[in-house]
Amino acid sequence: MTGKFRLFTALFLAGSTLYATELSAKEPGRIECTLIVDEVSGDVLHRDGICDKAFSPMSSFKLPLAIMGYDAGILVDAQNPQWDYKPEFAGSKREQKATNPTIWEKDSIVWYSQELTRRLGENKFGDYVQRFNYGNRDVSGDAGKKNGLTHAWLMSSLKISPEEQVAFLRRFLRGELPVSEHAMDMTQAILPHFSASDWDVQGKTGSGWMKTKSGKVDRSRPIGWFVGWAMRDERRVIFARLEVNAKDTDGYAGLEARGEFLKALPQISEKF
């Protein structure tokens, strides 16, 4: 490895990625990124596409939310707490059911995330995001709406790049976040598993859309995330897959990102 590459890797893992905001309405082009690093060494094993631009994490933020919930003692184990759905949550039809931490991550239940952050409260929620050094750390929410506690990560103020996603996950897996061992263990336990040939993949999708200059959701411009880690034998790698302005899969572009990553990983991994 050259000295320049070592320096880049060190800066990358320290979270010193070049920060960029979401594309404006004048930039309709497709963005893709697939980024994979080795957990132990931090070496970049595969990098393809634009990986330094930041976008709303959407439901990929359920991963750090789980860490917060277990560390704060609000979440207990894989099955508890189970919270009942309430009409005021205004959830979609598929979300209108009693939910526990495992169901929350597997079925990506938005109202459960929002109930968790309400119980954390603004100060503790904001403090976790700051201490995690997560993305731009902006939990203010939509301008003038004071909704950061429940909406900051949903096409709003909080943004993160694929580089930053991978750096955050590496700190988590290496025990470098200021959280309890219980929070680390339980978050890993409830994250969904997927297969990619001989790789056991754990990850979380995120789906949303770009917004117009006026702040309206543009459903013709979806955002899809899939972030997590993959194990084969004793080796673990960390990844982020992002698609912006990608093919819309009935409103869940994260499913497209997940499918593309799982399909590509076996071939990509032949090189490392």
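None of these values were measured; they are calculated from a predicted model.

1. Here's the deal with the sheet that holds strand E6 (residues 235–244)
Then comes step 1: Taken in spatial order, the six strands line up as E2-E1-E6-E5-E4-E3 in an open sheet, and their pairing is antiparallel. In this open sheet, the two edge strands, each paired with only one partner strand, are strand E2 (44–49) and strand E3 (193–196). Direction aside, neighbouring strands of the sheet carry axes that sit 20° apart on average.
Then comes step 2: With eight bridges joining them, strand E1 (residues 31–38) and E6 adopt antiparallel strand pairing. Paired with isoleucine 36 across the two strands is phenylalanine 239, which belongs to E6.
Then comes step 3: Together, E1, E2, strand E5 (217–232) and E6 form the strand contacts of helix H7 (residues 162–173), whose direction differs from that of E6 by roughly 150°.
Then comes step 4: Here helix H9 (residues 253–268) sits on the sheet and contacts E1, E2, E3, strand E4 (199–211), E5 and E6; the angle it forms with E5, its principal contact strand, is near 35°.

2. Some points on the packing of helix H2 (residues 62–72) against helix H4 (residues 110–120)
Then comes step 1: The interhelical angle for the contact between H2 and H4, taken along N-to-C directions, is 40°, at an axis separation of 11 Å. In this view, H2 runs oblique relative to H4, as classed from their interaxial angle. Taken as a pair, H2 and H4 cross one another with a handedness that is left-handed. Together, Lys62, Leu65, Met68, Gly69 and Ala72 of H2 and Val110, Ser113, Leu116, Thr117 and Leu120 of H4 make up the contact between the two elements.

3. What about the packing of H2 against helix H8 (residues 181–190)?
Then comes step 1: One can describe the packing of H2 onto H8 by two numbers: an axis separation of 8 Å at closest approach and a directional angle of 135°. It follows that H2 is oblique to H8 by the angle criterion. In the crossing of H2 with H8, the sense of the turn from one axis to the other is right-handed. In contact with Leu63, Ala66, Ile67, Tyr70 and Asp71 of H2, H8 contributes His182, Ala183, Met186, Thr187 and Ile190.
Then comes step 2: Looking at the contact of H2 with H8 residue by residue, the classes come out as seven nonpolar, two polar and one charged.

4. Observations concerning the packing of aromatic side chains
Then comes step 1: Under the defined criterion, the tally for this structure stands at 19 aromatic pairs.
Then comes step 2: Ring geometry for tyrosine 85 and tryptophan 111: centres 5.9 Å apart, planes at 65°, overall edge-to-face. Note that tyrosine 85 is positioned in the loop between H2 and helix H3 (101–107) and tryptophan 111 in helix H4, a separation of 26 residues in sequence.
Then comes step 3: Centroid distance phenylalanine 89 to tryptophan 111: 4.8 Å. Interplanar angle 15°. Geometry classified as stacked. Residue phenylalanine 89 is located in the loop between H2 and H3, and its partner tryptophan 111 is located in helix H4; the two are separated by 22 residues in the primary sequence.

5. Section: unusual backbone geometry
Then comes step 1: In the segment running from asparagine 80 into proline 81, the intervening peptide bond is cis, with an omega of 5°.
Then comes step 2: Structurally, proline 81 can be placed in the loop between H2 and H3.
Then comes step 3: One non-glycine residue with positive phi stands out, namely asparagine 133, at about 50°.
Then comes step 4: With respect to the element layout, asparagine 133 can be found in the loop between helix H5 (122–132) and helix H6 (148–151).
Then comes step 5: The class of asparagine 133 is partly exposed, set by a relative accessible area of 32%.
Then comes step 6: The backbone phi angle of aspartate 233 is positive, close to 60°, even though this residue is not glycine.
Then comes step 7: By the element assignment, aspartate 233 lies in the loop between E5 and E6.
Then comes step 8: Residue class for aspartate 233 comes out exposed when judged on its relative accessible area of 71%.

6. Some remarks on the state of the cysteines
Then comes step 1: Per the stated rule, a full pass over the model turns up one disulfide.
Then comes step 2: Here cysteine 33 connects covalently by a disulfide to cysteine 51, the sulfurs 2.0 Å from one another. Between cysteine 33 and cysteine 51, the S-S torsion sits near 100°, and that sign places the bridge as right-handed. Of this pair, cysteine 33 sits in strand E1 while cysteine 51 sits in the loop between E2 and H2, and the two are 18 residues apart along the sequence. Cysteine 51 shares its class with cysteine 33; the two are buried.

7. A few points about the pattern of salt bridges
Then comes step 1: Scanning the entire structure with this criterion turns up 15 salt bridges.
Then comes step 2: The salt bridge partner of glutamate 243 is arginine 30, with a shortest N-O separation of 3.7 Å. Placement of glutamate 243 in strand E6 and of arginine 30 in the loop between helix H1 (3–13) and E1 is noted, with a sequence separation of 213 residues between them.
Then comes step 3: Two residues, aspartate 198 and arginine 232, come together in a salt bridge whose shortest N-O distance is 3.7 Å. With a gap of 34 residues between them, aspartate 198 in the loop between E3 and E4 and arginine 232 in strand E5 connect regions that are remote in the sequence.
Then comes step 4: By relative accessible area, aspartate 198 is classed as partly exposed at 46%.

Definitions and cut-offs
Residues numbered from 1 in each chain as written. Predicted model: local features only at pLDDT ≥ 70, side-chain atom pairs only at ≥ 80, totals over all residues. Heavy atoms only, no water. Pairing = 2+ DSSP bridges. Helix = DSSP H or I, 4+ residues; strand = E, 2+ residues; numbered from the N terminus. Axes fitted to C-alpha atoms, helices over the stretch in contact; angles between N-to-C directions. Contact = heavy atoms within 4.5 Å. Parallel < 35°, antiparallel > 145°, perpendicular 65-115°, else oblique. Left-handed = near helix turned anticlockwise from the far one by under 90°. Nonpolar A, V, L, I, M, F, W, Y, C, P; charged D, E, K, R; others polar. Phe/Tyr/Trp six-rings, centres within 6.5 Å; stacked < 30°, edge-to-face > 60°. Buried < 20%, exposed > 50% of the residue type's maximum accessible area, 1.4 Å probe, protein only. Disulfide = S-S within 2.5 Å. Salt bridge = Lys/Arg side-chain N within 4 Å of Asp/Glu carboxyl O.

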